[in-house]
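So the chains spell out like this:
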Amino acid sequence: MQRVKRHNRQTRWLVVLALGAALLAMAPAAASADEPVPDRTGAFETTPTAYSVPGYTKLDAGKTTTKDLVAAVDAVAQSASHGIYSVNFVWTLVAGFLVMFMQAGFALVETGLVRAKNAAHTMAMNFMVYGIGMTGFFICGFAFMCGGANGTAIGGPASLGGTPTLHSMLTVGSAINGDHGWGILGTTGFFLTGNAYDAAVIVWFLFMMVFMDTTATIVTGACAERWSFKSFCIFSLFVGGFIYPVFGGWVWGGGWLAQLGYRAGLGHGAVDYAGSGVVHLQGGALAFITSLLIGPRIGKFGPGGKINPIAAHNVPMVVLGTFILAFGWFGFNAGSSLAGADGRIGIIATNTMLASASGAIFAMLFVWFTTGKPDVTMMCNGMLAGLVAITSPCAFVTPGGAFIVGVVAGVLVVASVRFFDRVKVDDPVGAISVHGTNGAWGLISVGLFSDGTYGQGWSGVGATEYLGTSGAAL
């Protein structure tokens, strides 16, 4: 009995001690003015203080020398610069990941639009174009495209630090503004070795690689159901290693099309923000040429020019793929800023969304009014056409302008598909019309709808003055 009472007393004391310890733990601890305290609201992370800066030491106002002040300011400036570039690196990589996921969208759209018997072959092309095209781009494509970015007066992307090690460009003609002539081909960065083995350069490589993959994939849709796998492999290697990079370098690698502004006085030179021309028009042109060379599918065209429709085997797959592409397109367009610190990216993303919506709506309405019923596959192509068209002007136009760009694209893609059917160019998925026709429309719309509020200094033109107006942009 006594043992039980003693046990109860010990239990009560333990409970009292535990409660006392808990109360002490919850009590606010006294801290000196200079001692860091726990951040219970997250303000330290969201509003960094001087203690967030590596190497910063709190200064004593009564004892601080000019040397101490300079060192402190320099530490803060370096930390701020590091933060900006870190944000830009992460933004560019995440946007690149989104664009890479678009490959799944292309695979679903193209495979859904062909006949079931050719589904595996079409899916295989969409799968392997990623690896084969990337190999060509890794070997020499990136070097041809971006290896001479600093070989002309335009330079590499400032948001990634300017990539100063990419400075070797094959040029022709005389030097102007510190360049070495008209830029033709980059000549450094093969296999991402030497000057290309650089953190910022490799971030740029990843982003540019997934864009190249989009161009190569466009052709797999236009040539579906009649393209041998061996021919596809060889073609994809050449697209990644030479065809796409050469043209891309002329526009985005500091080449001669971009130089037309400061060298020839033609505005800002070639302006293609995210690739209506470099990616989509080029892919559409390649799709047109290869489709023409291969010829139509058996039974597609009958006697007297009769067009025999070949139905898609899986429409839900097409719709799902279209939404995946629309989602990835936010990385495609807004990611082309290569800068998470660029305040324009929200407008770019919204413009992208608006053009996709108006493209789908007006493709649906145009088909409905001309045939008497809507067609879901043309709705999908209308959305993709709007996305393709807004890709070039997305940063330079108002939301209203973006909506109009999509409206025209939605009508244009339907008219274009019908035109290529009439001239007997067999395109099972409408790739030529979506990417080629509307890639061209996207480039034209830059000049028609740009409002001049963004793009100052593009391609080295108009940084301080343009056409006699101080501070003008596009």
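Quick note: structure is the one above.
Everything quoted here is computed from the prediction, not taken from an experiment.

Chemist: What exactly am I supposed to notice about the overall build of the chain here?
Modeler: Check the secondary structure of the chain and you find 13 helices and four strands. Across the chain, contacts joining residues at least 24 apart in sequence account for 74% of those joining residues at least 6 apart. Accessible surface for the chain amounts to roughly 22200 Å². Of this, 69% is attributable to carbon and sulfur atoms.

Chemist: Teacher, can you tell me more about the packing of aromatic side chains here?
Modeler: Both the distance between ring centres and the angle between the ring planes are used here to describe each pair of aromatic rings. Under the definition given, this model contains 24 aromatic pairs. Here F137 and F205 contribute two aromatic rings whose centre-to-centre distance is 5.6 Å and whose plane-to-plane angle is 25°, an arrangement assigned as stacked. Taken together, the residues F137 in helix α4 (residues 119–146) and F205 in helix α5 (residues 199–222) connect sequence positions 68 residues apart. Here F137 and F205 have matching classes, each one buried. Grouping aromatic residues by their ring pairs yields a cluster made of F207, F211, W252, W329 and F332.

Chemist: Help me understand helix α7 (residues 256–264) in this model?
Modeler: At 3.6 residues per turn, the α-helix brings residues three or four places apart onto the same side. Burial in α7 covers these residues: L257, A258, Q259, G261, Y262 and R263. Where the residues of α7 are buried, they touch β2 (182–186) and α6 (229–252). Positive phi shows up at G265, right after α7, with a value of about 75°.

Chemist: So what exactly am I meant to see when it comes to the nonpolar core here?
Modeler: Within the largest apolar cluster, 90 residues are counted, with the highest numbers of intra-cluster contacts made by F137, F142, W204, F211, Y244 and W252. For this core, the element with the most residues is α5, which contributes 15 residues.

Chemist: For this particular structure, what's the right way to read the pattern of salt bridges?
Modeler: For side chains of opposite charge, pairing can occur when their charged atoms come near one another. For the coordinates displayed, the defined rule picks out four salt bridges. Close ionic contact of R263 with D179 constitutes a salt bridge, the shortest N to O distance being 3.0 Å. Residue R263 is found in helix α7, and its partner D179 is found in the loop between β1 (169–172) and β2; the two are separated by 84 residues along the sequence. Judged by relative accessible area, R263 falls into the buried class, the value being 12%. Here the salt bridges do not stand alone but share partners, grouping R115, E225, R297 and D426 into one network.

Chemist: Where do I start with the side chain of T188 in this structure?
Modeler: Considering the arrangement of structural elements, one finds T188 in the loop between β2 and α5. Those residues in contact with T188 that sit more than four places away from it in its chain are A143, G147, T165, L166, H167, S168 and N195.

Chemist: Would you mind going over the packing of helix α9 (residues 315–334) against helix α10 (residues 345–371) with me for this structure?
Modeler: Interhelical geometry of α9 versus α10 gives an angle of 135° and a closest axis separation of 9 Å. Classified by the interaxial angle, the pair formed by α9 and α10 is oblique. Crossing handedness for the pair α9 and α10: right-handed. Between α9, through W329, F330, N333 and A334, and α10, the contact on the second element is made entirely by I345, I348, A349, T352 and M353. The residue inventory of the contact of α9 with α10, partitioned by class, reads seven nonpolar, two polar and no charged.

Chemist: When you look at the environment of G133 in this model, what are you seeing that I'm missing?
Modeler: Topologically, G133 is positioned in helix α4. Look at G133 and you get buried, because its relative accessible area is 0%. Through-space distance from the C-alpha of G133 to that of L237 is 5.2 Å; in sequence the pair is 104 residues apart. When sequence neighbours within four positions are dropped, the list of residues in contact with G133 reads M212, S236 and G240.

Chemist: I'm lost on the packing of helix α11 (residues 376–391) against helix α13 (residues 431–449) in this one. Help?
Modeler: How two helices pack is summed up by the angle between their axes together with the distance between the axes. Remark: α11 packs on α13, axes separated minimally by 7 Å, with the N-to-C direction vectors making an angle of 40°. Taken as axis vectors, α11 and α13 run oblique relative to one another. Once α11 is placed against α13, the crossing between them reads as right-handed. Facing N381, L384, A385, V388 and A389 of α11, the residues of α13 in contact are V434, H435, N438, G439, W441, G442 and S445. Partitioned by chemical class, the residues of the contact of α11 with α13 number six nonpolar, six polar and no charged.

Chemist: Explain unusual backbone geometry to me, please; I cannot follow it from the model alone.
Modeler: A negative phi holds for most residues other than glycine; trans holds for most peptide bonds. A positive phi is found at E225, a non-glycine position, where the angle reads about 75°. Structurally, E225 is set in the loop between α5 and α6. The phi dihedral of S459 is positive, around 55°, even though this residue is not glycine. Checked against the element boundaries, S459 lands in the loop between α13 and β3 (465–466).

Procedures and definitions
- Residues numbered from 1 in each chain as written.
- Predicted model: local features only at pLDDT ≥ 70, side-chain atom pairs only at ≥ 80, totals over all residues.
- Heavy atoms only, no water.
- Helix = DSSP H or I, 4+ residues; strand = E, 2+ residues; numbered from the N terminus.
- Contact = heavy atoms within 4.5 Å.
- Areas by Shrake-Rupley, 256 points an atom, 1.4 Å probe, with all protein chains shown as cover.
- Phe/Tyr/Trp six-rings, centres within 6.5 Å; stacked < 30°, edge-to-face > 60°.
- Buried < 20%, exposed > 50% of the residue type's maximum accessible area, 1.4 Å probe, protein only.
- Core = buried A, V, L, I, M, F, W, Y, C linked by side-chain atoms within 4.5 Å.
- Salt bridge = Lys/Arg side-chain N within 4 Å of Asp/Glu carboxyl O.
- Axes fitted to C-alpha atoms, helices over the stretch in contact; angles between N-to-C directions.
- Parallel < 35°, antiparallel > 145°, perpendicular 65-115°, else oblique.
- Left-handed = near helix turned anticlockwise from the far one by under 90°.
- Nonpolar A, V, L, I, M, F, W, Y, C, P; charged D, E, K, R; others polar.

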